[in-house]
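Next come the chains, spelled out residue by residue.
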Amino acid sequence: MKQRITILGATGSIGQNTLAVVAMQPERFEVFALTANGNAEAMAELCLKHRPEYAVMADEQAALALQRKLGGIQCEVLAGESALAQVAAAEQVDTVMAAIVGAAGLMPTMAAVKAGKRVLLANKEALVMSGQIFMDAVATHGAELLPIDSEHNAIYQCLPKEVQQPLGHADLAQAGIHQILLTGSGGPFRELPLAELAQQTPNAACNHPNWSMGQKISVDSATMLNKGLEYIEARWLFNCKREQLQVVVHPQSVIHSMVSYLDGSVLAQLGQPDMRTPIAYGLSYPERIPSGVEALDFLSLGALTFMPADPARYPCLQLAIDACWEGQWATTALNAANEIAVAAFLEQRIPFTAIAHICDSVLNQLNRRELNTVEGLIEFDGEARARARQQVERFS
Ligand code: NAD
Ligand code: MG
């Protein structure tokens, strides 16, 4: 039986890499549905090539445009948020790649979880927002969660079986684990004089030294809020206590993360900085399949270096670490404020350094509260976005 796959966010960087791996093994995988936000042109190209049964556009107008472009081919075009959830939860689907960017991915990813699918999680913002609720839903509905974010995929690969499944419930110390070491490159501004940070353009921020990714995550890598979101993501995925989680800057992006054991052993996963590796791992787990990525050549690799993250250069990282242990309200507020601030930076409405100021100020304006439902989270997310927009206005 072929594995039937829905790809949420098919036109994005992760979506296209997933399709590249899937297309290498037509005897193994079948594309059931592809989804995208508004780019009908890019979606039409993917549909003609990969022939899904369903194509969903979040935007209604884009769905009409897609329908026209697909003309005669057999593919049902749907529109809107409920259709995203529908193709994520459909009975025919085995595996859902959750690769929408930002909080917009929460509801469709949750739909896949609640339908008990194998969920390949790239959309870290969904987990950052919903943390405990998300992990509880995975357990309640018998979904199988596999991390795709390269660091979390690396950590997963270095964990013993009893921690891998069911994910997020094992006691790490009991499993012999001392610490999880989350590596990050430090982004494109790691060596820039601090005084020059404020003048950096979106193009410069998106010019990552090692990885090619979507714009939002590229800016997050430059502020290292990406590592902060990943810290929160790791806390939930691996059930870490504060002292069990540490960030290490590793500029070469060869080691994708590590697990340090109580006996002094450290296990690491290494590879090219290419998302097709973790994607192939998630698609075929527990087997291994070719991904199109070449093995590392150690004889030409050169030095691997490690250092702490400088808090003056990366204030967003500390905001995220503090929010992680403060509670769900704080991680939701931080994620929402960051999405608004990054979008404003990409539109050149605020300077690069304002991203951290806006996140900090939104967190300071909002009060601690208990958030126990997805609806409550989404409402609070809206409140944090409104505060962040007010802050953006101050720069315009
Ligand atoms: P991207 O911007 O390249 O693609 C985003 C996709 O989401 C597109 O298909 C877009 O159409 C869709 N989308 C955007 N807004 C939407 C909305 N409101 N409703 C429905 N669909 C919407 O992003 P990406 O770089 O592929 O990242 C996707 C996710 O994976 C992010 O959460 C990111 O943090 C995570 N991730 C990405 C990488 C990477 O290498 N790109 C690595 C690790 C994790
Ligand atoms: Mg990552």
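For the structure, check the block above.
The structure contained in this document is the topic of the report that follows. Position labels on residues start from 1 in each chain and follow its written sequence. Lettering for chains starts from A, numbering for ligands starts from 1, and both go in the order in which the items are written. Only residues with pLDDT of at least 70 are given local features in this predicted model, and only at 80 or more are side-chain atom pairs given and counted; all residues enter the totals for whole chains, interfaces and linings. Side-chain metrics in this entry use all non-hydrogen atoms of the structure; hydrogen atoms and water are not considered.

**With respect to empty space enclosed by the protein**
Point 1. A 1.4 Å probe that fits into a set of points on a 1 Å grid over the protein atoms alone but cannot get out defines a cavity; an open set with protein on both sides within 12 Å along at least five of seven lines defines a pocket, and lining residues are those with an atom within 4 Å of a point. Grid points are joined across faces, edges and corners, and a volume is the space filled by probe spheres set on the points. Under the criterion given, the structure shown has one cavity of 30 Å³ or more.
Point 2. Its boundaries defined by the atoms lining it, the largest cavity holds a volume of some 40 Å³.
Point 3. As for the largest cavity, its lining consists of Ser150, Asn153, His256, Gln269, Gln272, Thr277 and Pro278.
Point 4. Helix and strand definitions here come from DSSP, where helices need a minimum of 4 consecutive H or I residues and strands a minimum of 2 consecutive E residues; each element is numbered from the N-terminal end. Among the elements of the structure, helix H7 (150–157) and helix H12 (276–284) are those that each provide at least two residues to the lining of the largest cavity.

**Thoughts on the site of ligand 1**
Point 1. Around ligand 1 sit 23 residues, and of these Thr11, Ser13, Ile14, Asn37 and Glu125 come closest.
Point 2. Polar contacts, as used here, are pairs of N or O atoms within 3.5 Å; protein pairs need one atom able to donate a hydrogen and one able to accept it. Residues neighboring in sequence count only if both atoms are side-chain atoms. Alanine 122 has a polar backbone atom sitting 3.3 Å from an oxygen atom of ligand 1.
Point 3. Only the protein chains shown count as cover for residues, with accessible areas throughout obtained via the Shrake-Rupley method and a probe of 1.4 Å. Considering ligand 1 on its own, with 830 Å² of exposed area, one finds that the protein chains cover 86% of that surface.
Point 4. Elements with a minimum of two residues in the shell around ligand 1: helix H1 (13–24) and helix H6 (124–140).
Point 5. Side-chain classes follow a simple rule in which Ala, Val, Leu, Ile, Met, Phe, Trp, Tyr, Cys and Pro form the nonpolar group, Asp, Glu, Lys and Arg form the charged group, and the remainder, Gly included, forms the polar group. Within the shell around ligand 1, the residues separate by chemical class into 13 nonpolar, seven polar and three charged. One heavy atom within 4 Å of a molecule or strand makes the whole residue count as near it.

**What to know about the sheet that holds strand S4 (residues 76–79)**
Point 1. Strand pairing requires that DSSP identify at least two bridges connecting the strands. Taken in spatial order, the seven strands make up an open sheet running S4-S3-S2-S1-S5-S6-S7, and their pairing is parallel. Whereas interior strands pair on both sides, the edge strands pair on one side only; in this sheet they are S4 and strand S7 (144–147). For this sheet, the mean angle separating the axes of adjacent strands, direction not counted, is 20 degrees. Angles shown run from 0 to 180 degrees and are taken between the N-to-C directions of axes, each axis being a line fitted to C-alpha atoms and, for helices, limited to the stretch in contact.

**Here's the deal with the coordination of the magnesium ion (ligand 2)**
Point 1. Coordination of the magnesium ion (ligand 2) by the protein comes from Asp149 (OD), Glu151 (OE) and Glu230 (OE), over a distance range of 2.1 to 2.2 Å.
Point 2. Linear spacing of the donor residues for the magnesium ion (ligand 2) on their chain is D-x1-E-x78-E. Residue aspartate 149 is located in the loop between S7 and H7, and its partner glutamate 230 is located in helix H11 (residues 225–238); the two are separated by 81 residues in the primary sequence. By the burial criterion, aspartate 149 is buried, and glutamate 230 matches it. Only nitrogen, oxygen and sulfur atoms within 2.8 Å of the metal, or 3.2 Å for Na, K and Ca, are treated as donors, and water is left out, so sites may look incomplete. Each residue's exposure class comes from its accessible area (1.4 Å probe, protein chains only) as a fraction of the maximum for that residue type: buried when under 20%, exposed when over 50%, partly exposed otherwise.

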